[in-house]
Amino acid sequence: MDFPKLIKLVAQTVYAVFGISILVLVLLVMLWKNPSWITQNLDSPDSWRPRNAQTDLGTSPRDNLVKYGYQVITETSKHIGPLAPEIKSRLAGNNLSCQSCHLDAGRKTGSASFVGVANRFPQFRGRENKMGNLIERVNGCMERSMDGEVLPEGSLEMQAIIAYMEWLSEDVPDDREEEFKGFAKVELPNEAADPVRGKEIYTKHCQTCHMEDGQGQRPSETDKYLYPPLWGNDSYNHGAGMHRVITAAQFIKGNMPYLEATLDNPVLTDEEAYHVAAYINSFERSQKSNPETDFPDKNLKPVSTPYGPWVDRFSPEQHKYGPFQPIMAWYEKELGIKKSK
C-alpha cells in the first residue's frame, strides 16, 4: 500500500469537507440574518420577489417608517380604527384591515396589490373626475372600504402607509409590475347575477371562513379579523368598489377560497364568482353619505355602480345585478363610450 498517496488523499478529503462546511456555515448565517437572501440572489429570470417588511428592512428612520406602515396596513383597526387607544385616532369606521382586500399586506397578485402602485400616480380617477395622488386614493378607501373619515395628509399613519407603498414599488422589474395590477379578468355571463345561486356557492366555498352569517372570524372583539365580515356594519359601505358585483367577482375569482385560489389557478369559475358576488352584496351594509356626488361626469360612472343617479334609464336592479351587456351596449351606441365595468 502506498501510504504517502493515501495520506495525501485523506488530507485532500479533509480540506474539501472543511471548505464545504465553512461555505455551508456562511450560507446559514446569511440566511439567519436575512431569510429572503436566497430568493433575492438567485441568478434566474424568476428570482425577483416582492419585498417583505418582516425580513427585508433594517433600522434606519425610513425603514422604521415603512415598518409602521406595514403595521397600520395589517392591523388597521388598532392604529386608526375603533380599537385605537385615542379617540381622535379612530378614523376608520369598521374593524377591517387594509389587507382584508389588499391581501398579504398588499403583496398578492389579483388583490389590487401595492407592488408598483406608487409608480402609477398621479392618475385620473373617474369617481372624482380629476387627476389624483396616492394620498387621495388611500383616503378614498378610508371613506368607503373602511367606512370612515379621511386620514390627515401630514399624519404619521398616512406618511407610513405611503412610505410602505413606495417601498414596495421600488425596483420592480418592468415585466413583472403588470401582473400585480388590479384584479382577475372575468368574462361576464350574459344574464343577471343571481343571489340565490350565489348562496349555494357561498355555502360550499366561503362560509367555512366567513361563517354562515357572513360576519367573519376573530379571536375576540379586541383582535383583528382572521377572516373579515362580508356584510353588515363592520364591512365596507355601499360606496366601496367591492360593492359592485363586477369588481367583487374579479376579486373573488383571483383570491377565493383563501389559500386555495390564485390569479393563475382560480377555484371558482367566472360564473360562480359572479353569482357569489351578487349574494354577498345582496345584504344590508353601512351607507356612504352623499353618494350622488360620486362621478361628477355621470358618463364615466361604471355600469355596475349600484346607486344613482345614472345618465341612462336602466333600472337600479339591473345596475346592481345585471345583465350588464345591454347597459354597456347603450353607452357605446349612444355616447361612444366603451365600458367593461
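In this report, the structure presented in the accompanying data block is examined.

The rules behind the values
All residue numbers here refer to positions counted from 1 along the written sequence of the relevant chain. For a predicted model such as this one, the threshold for reporting local features is a pLDDT of at least 70, and the threshold for listing and counting side-chain atom pairs is 80 or more; totals across whole chains, interfaces and linings nevertheless cover every residue. Here the side-chain values reflect all heavy atoms present in the structure, with hydrogen atoms and water set aside. Note on terminology: disulfide denotes any pair of cysteine sulfur atoms within 2.5 Å. We call a residue buried when its accessible area falls under 20% of the maximum for its residue type, exposed when it is over 50%, and partly exposed in between, using a 1.4 Å probe and counting protein chains only. Between 30 and 60 degrees the pair is tilted, below 30 it is stacked and above 60 it is edge-to-face, where a pair is any two Phe, Tyr or Trp rings, Trp via its six-membered ring, whose centres lie within 6.5 Å. Helix and strand assignments follow DSSP, with helices taken as H or I runs no shorter than four residues and strands as E runs no shorter than two, numbered in order from the N terminus. Whether a charge sits over a ring depends on NZ of Lys or CZ of Arg being within 6 Å of the ring centre and within 35 degrees of the ring normal.

1. Thoughts on the state of the cysteines
- Following the criterion strictly, the structure yields zero disulfides and no others.
- Unpaired in terms of disulfides, Cys-98 finds its nearest cysteine sulfur in Cys-141, a separation of 7.3 Å.
- Overall, Cys-98 belongs to the buried group, its relative accessible area being 17%.

2. Remarks on the packing of aromatic side chains
- On inspection of all chains with the given rule, the structure shows eleven aromatic pairs.
- Relative to Phe-180, the ring of Trp-48 has its centre 5.8 Å away and its plane inclined at 85 degrees; by these criteria the two rings are edge-to-face. Of the two residues, Trp-48 is situated in the loop between α2 (37-41) and α3 (61-74) and Phe-180 in the loop between α8 (174-177) and α9 (195-205); the sequence distance between them amounts to 132 residues. Comparing Trp-48 with Phe-180, the two get one shared label, buried.
- Ring centres 6.1 Å apart and planes at 85 degrees place the aromatic pair Phe-183 and Phe-251 in the edge-to-face group. Residue Phe-183 is found in the loop between α8 and α9, and its partner Phe-251 is found in helix α11 (residues 245-255); the two are separated by 68 residues along the sequence.
- Of the residues examined, Phe-183 reaches a relative accessible area of 22% and is grouped as partly exposed.
- Cation over ring: Arg-218 sits above Tyr-225, and NZ or CZ is 4.6 Å from the ring centre.
- A cation over an aromatic ring shows up here: Lys-339 above the ring of Tyr-331, its NZ or CZ 3.9 Å from the ring centre.

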